[in-house]
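These are the residues of each chain, in order.
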Amino acid sequence: MNTNECYHCGDDCGTSPIYHDEKHFCCNGCKTVYEIFSNNGLLYYYDLQSNAGATPKTVEGKYDFLDSTAIVEKLTEFNDGNLQVVNLYIPHIHCSSCIWVLENLNKLNPSISSSLVDFPKKTVRILYKPESVSLKNLITLLARIGYEPYISLDDFDNKKKPVNRSLIYKLGVAGFAFGNVMFLSFPEYFDLPGIKTGASDYWLEQYKELFRWLMFAFSVPVVYYSGQDYLISAYKGLRSRILNIDVPIAIGILVLFIRSTLEIIFDWGSGFFDSLTGLVFFLLLGKFFQQKTYSFLSFERDYKSYFPIAVTRISPNGKEEVAQVYDIKQGDRLLIRNQELIPVDGILINGNARIDYSFVTGESEPVYKVSGDKIFAGGKQLTGAIEMDALKSVSQSYLTQLWGNTVFQNNPSDTFQTLTDSIGKRFTVSVLAIAFVATVFWLFYDSAKALNVFTAVLIIACPCAIALASPFTLGNMLRIFGRRKFYLKDTRAIERLAQVDTAIFDKTGTITTVQKSAASYEGMPLTPAEESLLKNTLRASNHPLSRTLYDMLSEQNIITLDEYEEHLGKGIKGSKDNSHIKIGSADFVENHQGSKTLNTSVHISSNDAYKGKYVFHNQYREGVFELFKTMSETLGLAILSGDNEGEKSRLEKLLPKLTPLFFNQTPENKLEFIKSLQDQGKKVLMVGDGLNDAGALAQSDVGIAISENVNVFSPACDGIMDASKFQQLYQYIVASKKAMKIIKMSFILSLLYNVVGLYFAVTGQLQPVIAAILMPLSSISVVVFATLMTNLLGRKLQ
């Protein structure tokens, strides 16, 4: 065996370790193959070649500071002892190969549950089990495979990112070399008959070889420094069995360099160093302008974006007030009701906490916490009300990131992404095939053009414009909708919204408003103890009627309930000491008095004795009937309500004729109704309150929760709309349909560019340098077109 070959696979080893799989690598320095294994939280390298008694070598102690529990606590987003979540900034993420490797970390270590890359931010969010793999081991693994994260303990709170100027340096080197190579190539460009006599002719001939080797010397740093990103990306892609777009570019660079080098060695000619350095320079220049364009047109949603989630804050004097999540500060006392989201890390103060962290981890097993325990943002309280003290300000970006977590995406693919992926998989193969066929043709027809044709075809064809059309159009629409108080989970929701043909609406809290509702009590008077228990039981509920009734009742001393139960679509039950109270429908409270009231009513029983009911008088949202009239022209409509038929005659007069009205619907009935429509091939939009309608929102193609100072939303809903914008719903649907047309127009534009560009390249009319200039311009033009069109569309929205 050759001493430079890997003992494991026979490959030639470089001076730095080459990793063949998740366990084996070889090193030319010591001619050995190491197997990587874990023991007591450390990674060890074991000499396979000697195969016995070799002393394990620990990884360098670069990350020993991560053994500190305090530091790990600060760096992790979630840490309950059994599962940790960390979001790492990785500067080296730059292509689809990087995404593939980082999102398959679980194949390298089974203790990593999942990993999700945010490509624009260059971050990866990793869920892992700390008892099997520590944060130190995780980061060591990332560094080993070439994706070392940036960690600064000085600025982790501010999330500062280092300024990466490597592209500017590479661009400078390539530009300097390109200019000098062009200058040295002038004698080769022109015959200069007027001066090819005497001393001038002698001078040119005498130093011709020197000029050529100087051009070679200038080209070496251009290829191996300025162009290294393309070469490394192509190598990583091929190593991961992925043909990314950098493969043809890397082949073009290497072919030009090798061919030019051979030409000057054997004195065949001056080579193509001018085309080579110009190609790399203009590729980098295009990348630089792309980054500036993308940054300028960024549609990233930040804290200024509208996120309609409110939380109840308890003032020092005990008064409860509604506040937006971004107003919460460290030390604020918060009230978290049943089924509410915990908006920020904090310490549990009062109440019995039973928390569902599936929103964060995907694990559905509830966790029980007691007073003094730390609880984490993103958890959902499942049993009654609790009070907590916030440990820091609310991070909206964290909440939105949780909302878009892939563990909640049952249908992760969308038409345009599938189309983009399909094109991307076949694009590189097609380009390589066209390049080789065209080169073979020109070798027989005009061999002087063959290399230029080969390189120009590899460079000019680019799927980037196609790949960028959908994310930039839909991403900009997300930002535009957010500014208008319509917040969607992700870009897929826009595509599905454009396809809906049927809209289903809940009644209470959706087309009616609880802000203007009035209620009157009918029944036996409640004792002070019953009023206190009623008020504190309602305090834990988030149902629109519960919130309205809670605000109407007189203030009572806050007490912690012994038990609290909420039965969706039926009612709630609370108990303290030996007393219990039921609040809800007549059947739920076991009212046997046969009440025939058709108005919306909340019935009450105390210690199994029926006491009476609160009768509500519904107030419909402004513009709701004009909205229904407009929507009925193109969409099928239906009302699903858990209430009785008291409002039926009024709704029939106000809604478009023949609009189906269904009353006394349980959450299960709503879900089955939507499923039956989908079985008929309908694309269903469900608009509800996000609590009782959670099942229907999850089942529908698009689920939108109406927000009215409520901190209830689930991963099931695709969008949250502020109640004040309810009457603009149809405008948003129409805008989504137009956004799809913009994407199709962008696809046509980018495909047209590729077809025309390939025509000129294949026919030998396009120089590689010109191709390098045109390639990034195509991506920039599509991005600018998509952004301008969506901004124009956004201006038409109210």
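A brief structural summary. Just so it is clear, the model here is predicted, and its values are computed rather than measured.

### Regarding the overall build of the chain
Part 1 of the reasoning: Scanning the chain for helices and strands turns up 24 helices and 31 strands.
Part 2 of the reasoning: Each of the 798 residues in the chain was classed as buried or not, and the buried ones make up 51%.
Part 3 of the reasoning: In the chain, the proportion of contacts linking residues at least 24 apart, taken out of those at least 6 apart, comes to 67%.
Part 4 of the reasoning: By element, 55% of the accessible surface of the chain is carried by carbon and sulfur atoms, the whole surface being about 37,000 Å².

### What about the pattern of salt bridges?
Part 1 of the reasoning: As enumerated under the stated definition, the model contains 19 salt bridges in all.
Part 2 of the reasoning: Aspartate 332 is the partner of arginine 313 in a salt bridge, and the nearest nitrogen-oxygen pair spans 3.3 Å. A residue pair is termed long-range when its members are at least 10 positions apart, and arginine 313 in strand S10 (residues 310-314) and aspartate 332 in the loop between strand S11 (320-324) and strand S12 (333-336) qualify at 19 residues. Each member of the pair, arginine 313 as well as aspartate 332, carries the same accessibility label: buried.
Part 3 of the reasoning: Here lysine 392 and aspartate 345 are joined by a salt bridge, their closest N and O atoms 3.6 Å apart. Taken together, the residues lysine 392 in the loop between strand S18 (386-390) and helix H11 (396-403) and aspartate 345 in the loop between S12 and strand S13 (346-350) connect sequence positions 47 residues apart.
Part 4 of the reasoning: Owing to a relative accessible area of 7%, aspartate 345 belongs among the buried residues under this scheme.
Part 5 of the reasoning: By sharing partners, the salt bridges in this structure join Glu320, Arg333, Glu387, Asp389 and Arg539 into a single network.

### Description of a nonpolar patch on the surface
Part 1 of the reasoning: Together, Trp213, Leu254, Ile258, Leu262, Ile265, Phe266 and Trp268 make up a nonpolar patch on the protein surface, roughly 700 Å² of accessible area in all.
Part 2 of the reasoning: For the nonpolar patch, the element with the highest residue contribution is helix H8 (residues 246-265), accounting for four residues.
Part 3 of the reasoning: Relative to the helices and strands, phenylalanine 266 resides in the loop between H8 and helix H9 (273-296).

### Quick word on the packing of helix H17 (residues 528-539) against helix H18 (residues 544-552)
Part 1 of the reasoning: Relative to each other, H17 and H18 sit at 135°, their axes nearing to 9 Å. Relative to H18, H17 is oriented oblique. H17 and H18 meet at a crossing whose hand is left-handed. For the pair H17 and H18, contact is made by Lys535, Leu538 and Arg539 and by Ser546, Leu549 and Tyr550, respectively.

### Thoughts on the environment of lysine 208
Part 1 of the reasoning: Of note, lysine 208 is situated in helix H6 (residues 208-226).
Part 2 of the reasoning: A C-alpha to C-alpha distance of 9.7 Å links lysine 208 and serine 185, two positions 23 residues apart in sequence.

### A short note on the packing of aromatic side chains
Part 1 of the reasoning: This model, assessed by the stated rule, comprises 23 aromatic pairs.
Part 2 of the reasoning: Taking 5.5 Å as the distance between ring centres and 15° as the angle between the ring planes, the aromatic pair formed by phenylalanine 441 and tyrosine 445 counts as stacked. Of this pair, phenylalanine 441 and tyrosine 445 both sit in helix H12 (residues 415-445), four residues apart, roughly one helical turn.
Part 3 of the reasoning: For tyrosine 445, a relative accessible area of 62% translates into the label exposed.
Part 4 of the reasoning: In this structure, arginine 337 is placed above the aromatic ring of tyrosine 550, and the distance from its NZ or CZ to the ring centre is 5.8 Å.
Part 5 of the reasoning: Over the ring of phenylalanine 588 we find lysine 582; its NZ or CZ atom is 5.6 Å from the centre of that ring.

### Side note on the sheet that holds strand S9 (residues 123-128)
Part 1 of the reasoning: An order of S6-S7-S9-S8 is seen for the four strands of this open sheet, with the pairing classed as antiparallel. The open sheet has two free edges, formed respectively by strand S6 (76-79) and strand S8 (112-118), since each of these has just one partner strand. On average, each strand axis in the sheet is tilted by 15° relative to the strand beside it, whichever way the strands run.
Part 2 of the reasoning: Note: S6 against strand S7 (residues 84-89), three bridges, orientation antiparallel. Bridge pairing in S7 places threonine 76 opposite valine 86.

Scoring rules and cut-offs
- Residues numbered from 1 in each chain as written.
- Predicted model: local features only at pLDDT ≥ 70, side-chain atom pairs only at ≥ 80, totals over all residues.
- Heavy atoms only, no water.
- Helix = DSSP H or I, 4+ residues; strand = E, 2+ residues; numbered from the N terminus.
- Buried < 20%, exposed > 50% of the residue type's maximum accessible area, 1.4 Å probe, protein only.
- Contact = heavy atoms within 4.5 Å.
- Areas by Shrake-Rupley, 256 points an atom, 1.4 Å probe, with all protein chains shown as cover.
- Salt bridge = Lys/Arg side-chain N within 4 Å of Asp/Glu carboxyl O.
- Patch = residues over 30% accessible without salt bridge, like charges linked within 9 Å, V, L, I, M, F, W, Y side chains within 5 Å.
- Axes fitted to C-alpha atoms, helices over the stretch in contact; angles between N-to-C directions.
- Parallel < 35°, antiparallel > 145°, perpendicular 65-115°, else oblique.
- Left-handed = near helix turned anticlockwise from the far one by under 90°.
- Phe/Tyr/Trp six-rings, centres within 6.5 Å; stacked < 30°, edge-to-face > 60°.
- Lys NZ or Arg CZ within 6 Å of the ring centre and 35° of its normal.
- Pairing = 2+ DSSP bridges.

So far we have only geometry, and geometry alone does not tell us how the molecule works.
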